[in-house]
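Residue-level structure breakdown
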Amino acid sequence: MTNKHTLTVTDNATGKSVELPVREGTHGPAAVDISTLYRDMGYFTYDPGFVSTGSCRSAITYIDGEQGVLLYRGYPIEQLAERSSFLEVAFLLLYGELPTHEQLNRFSGVITHHTMINESLKSFYRGFYHDAHPMAIMVGVVGSLSAFYHDSTDIRNPRHREVAAHRLIAKMPTIAAASHKHSVGTPFIYPKNELSYAGNFLRMMFSLPTEDYAVDPVAEKALDLIFILHADHEQNASTSTVRLAGSSGANPFACIASGIAALWGPAHGGANEAVLRMLAQIGEVKNIPSYLAKAKDKNDGFRLMGFGHRVYKNYDPRAKIIREMCHQVLAKLGDANDPMFELALRLEEVALKDDYFVERKLYPNVDFYSGLIYKALGIPTNMFTVMFAIARTVGWVAQWMEMIGEPNQKIGRPRQVYDGSPQRDYQPLEERRSAIIGATEGSFANGELRGTD
Ligand code: SDX
């Protein structure tokens with residue numbers, strides 16, 4: 001990051017001015033460094049949702065939302081999708097360079113030999129109801145890993161950080177597949193070291209102790225590609241959550257658990273599950289107009305899931321790749337004429353011609369098509385966001401390592417604009433009139449809210 005020039009900020013109320021440095025990176029908009037603004041001018045900045053706020057510097061991923069560009073360590077996602085593998089991309093995101101043949105073999109070997117989980121963790125799964133959402137299990141189990149790996153939680157030790165990163169990348173598929181097995185009541189399947197990352201996951205998900213299981217190469221390749229596309233994405237909500245948790249010095253397993261929790265929301269990684277549910281709700285092409293009308297109606301909470309993006313105001317490059325892959329995978333694995341895929345294609349076609357979506361630059365994002373491929377691979381809908389979490393763990397740990405490695409790393413602690421009650425004195429109980437406390441008042445008054453629910 002280099003200093004480009006300064007920006008003069010003048011307070012028209014006092015005439016006071018300050019020069020703020022403008023910092024420039026390799027690509028993309030420069031940023032005004034406001035870190036001295038409060039000290040020199042007594043003002044905070046205000047940017048709900050961080051629409052115009054850069055939270056950090058990073059050398060990992062670059063997105064150009066206007067052009068629909070996504071680079072991992074400078075390499076275009078289209079080239080990595082076509083020529084790389086998920087573990088090679090993991091190495092690239094973690095270490096900043098593409099590995100040599102020997103480095104890739106060694107890295108793949110390290111990840112492979114960390115895929116098992118402690119046997120004691122199995123009893124943890126038994127504590128969940130069979131119908132627990134797999135994301136709830138993922139948050140709990142991943143967060144508990146620090147209880148098992150005391151030898152890799154000293155975040156100031158680079159070797160501990162690296163081992164924790166390897167363990168997390170390696171164990172996510174095992175933990176994820178086990179959460180599915182728990183929900184269907186069949187035995188957990190151990191990883192097999194001779195299988196690929198994606199192949200191992202498919203086998204742990206779908207094989208049974210009672211019969212042999214052969215990994216389908218089409219499914220393996222499709223899954224490896226989907227993992228590449230989901231590996232990292234700059235400072236999205238879940239990555240920012242991981243960075244903020246990590247800034248307090250929390251152990252890496254707790255930080256990744258916080259990222260999983262943030263990813264779960266339907267506005268973020270939960271959208272892939274929501275897209276399939278939306279397509280099922282729409283049902284047929286003839287219903288598209290009425291659902292588009294709902295999506296445009298401000299009084300209707302319905303949104304077109306899988307559409308829109310905070311950064312991409314052009315087609316999400318990942319969606320383009322996945323859309324093309326959909327055609328191939330459905331033709332080979334699923335039903336090439338899957339009515340849901342046909343519906344998705346028509347919905348996209350109609351929405352992209354609709355002024356509301358065109359004016360707001362709402363395009364399909366990575367989640368719009370990914371669920372259709374997961375469905376063709378036989379992955380249950382409630383596992384879709386878990387798939388996202390498996391892949392994004394690489395980005396989360398890479399961003400966490402970058403943040404911890406910052407020379408002036410400090411705890412993240414945003415401020416606010418306070419617009420609550422002015423200071424006031426305590427009122428004795430007998431002098432108080434009934435407080436207007438919104439929707440819960442009725443609940444309190446009628447005794448609906450109890451402490452034990
Ligand atoms: C991911 O950040 C990342 O990089 C995320 C991600 C990653 O890899 O980490 O790319 C993964 O999370 C992809 C996004 C998945 N989410 C969805 O598909 C859910 C549906 N999309 C939206 O909820 C929404 O588009 C967001 C949350 C993705 C982005 O919301 P923003 O940037 O806060 O935009 P906004 O809500 O201010 O919307 C701007 C306008 C509004 O209309 P107006 O008030 O201007 O009239 O567009 C409208 C919104 O109502 N709008 C939509 C819409 N998305 C935005 N209207 C209908 N359907 C939608 N999907």
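Residues numbered from 1 in each chain as written. Predicted model: local features only at pLDDT ≥ 70, side-chain atom pairs only at ≥ 80, totals over all residues. Heavy atoms only, no water.

Some points on the overall build of the protein
When its secondary structure is counted, the protein shows 19 helices and six strands. Computed over its C-alpha atoms, the radius of gyration of the protein comes to 24 Å, within 12% of the 22 Å expected for a compact globule of 453 residues. In terms of overall dimensions, the protein has C-alpha extents of about 75 × 55 × 50 Å along its principal axes. Counting the 453 residues in the protein, one finds 45% classified as buried. (Helix = DSSP H or I, 4+ residues; strand = E, 2+ residues; numbered from the N terminus. Rg over C-alpha atoms; globule rule 2.2 N^0.38 Å. Buried < 20%, exposed > 50% of the residue type's maximum accessible area, 1.4 Å probe, protein only.)

Let's talk about the packing of aromatic side chains
Considering all chains together, one arrives at 20 aromatic pairs under this definition. With a centroid separation of 4.8 Å and 50° between ring planes, the pair formed by Phe-91 and Tyr-95 is classed as tilted. Placement of both Phe-91 and Tyr-95 in helix H3 (residues 86-95) is noted, with a separation of four residues, approximately one turn of the helix. For Tyr-95, a relative accessible area of 33% corresponds to the partly exposed category. Here the aromatic rings of Tyr-149 and Phe-253 are separated by 5.9 Å at their centres, their planes lie at 35°, and the arrangement is tilted. Taken together, the residues span a long stretch of sequence, with Tyr-149 in the loop between helix H6 (134-144) and helix H7 (158-184) and Phe-253 in helix H11 (residues 252-263) at a distance of 104 residues. Neither residue differs from the other here; Tyr-149 and Phe-253 are each classed as buried. Three or more aromatic residues link up through ring pairs in this structure, and these residues are Phe-307, Phe-341, Tyr-356, Phe-357, Phe-368 and Tyr-369. (Phe/Tyr/Trp six-rings, centres within 6.5 Å; stacked < 30°, edge-to-face > 60°.)

Side note on the sheet that holds strand S1 (residues 2-10)
What the three strands build is an open sheet, ordered S1-S2-S3; its pairing is antiparallel. Of all the strands in the sheet, just S1 and strand S3 (31-32) have a single pairing partner and so form its edges. (Pairing = 2+ DSSP bridges.)

Points about the nonpolar core
Core analysis: the biggest nonpolar cluster contains 122 residues, and Tyr-72, Leu-304 and Tyr-369 have the highest contact counts within it. A per-element tally of this core places helix H18 (residues 384-404) first, with 15 residues. (Core = buried A, V, L, I, M, F, W, Y, C linked by side-chain atoms within 4.5 Å.)

Some details on the site of the ligand
Lining the immediate environment of the ligand, one finds 24 residues, of which His-233, His-309, Arg-310, Arg-318 and Arg-392 sit closest. Here an oxygen atom of the ligand sits 2.8 Å away from a polar atom, N or O, in the side chain of Arg-310. A distance of 2.8 Å separates an oxygen atom of the ligand from a polar side-chain atom of Arg-392. When the ligand sits alone it has 1100 Å² of accessible area, and the protein chains cover 77% of it. In terms of residue class, the shell around the ligand is made up of ten nonpolar, seven polar and seven charged. (Near = heavy atom within 4 Å. Polar contact = N/O pair within 3.5 Å; in protein donor to acceptor, adjacent residues only side chain to side chain. Areas by Shrake-Rupley, 256 points an atom, 1.4 Å probe, with all protein chains shown as cover. Nonpolar A, V, L, I, M, F, W, Y, C, P; charged D, E, K, R; others polar.)

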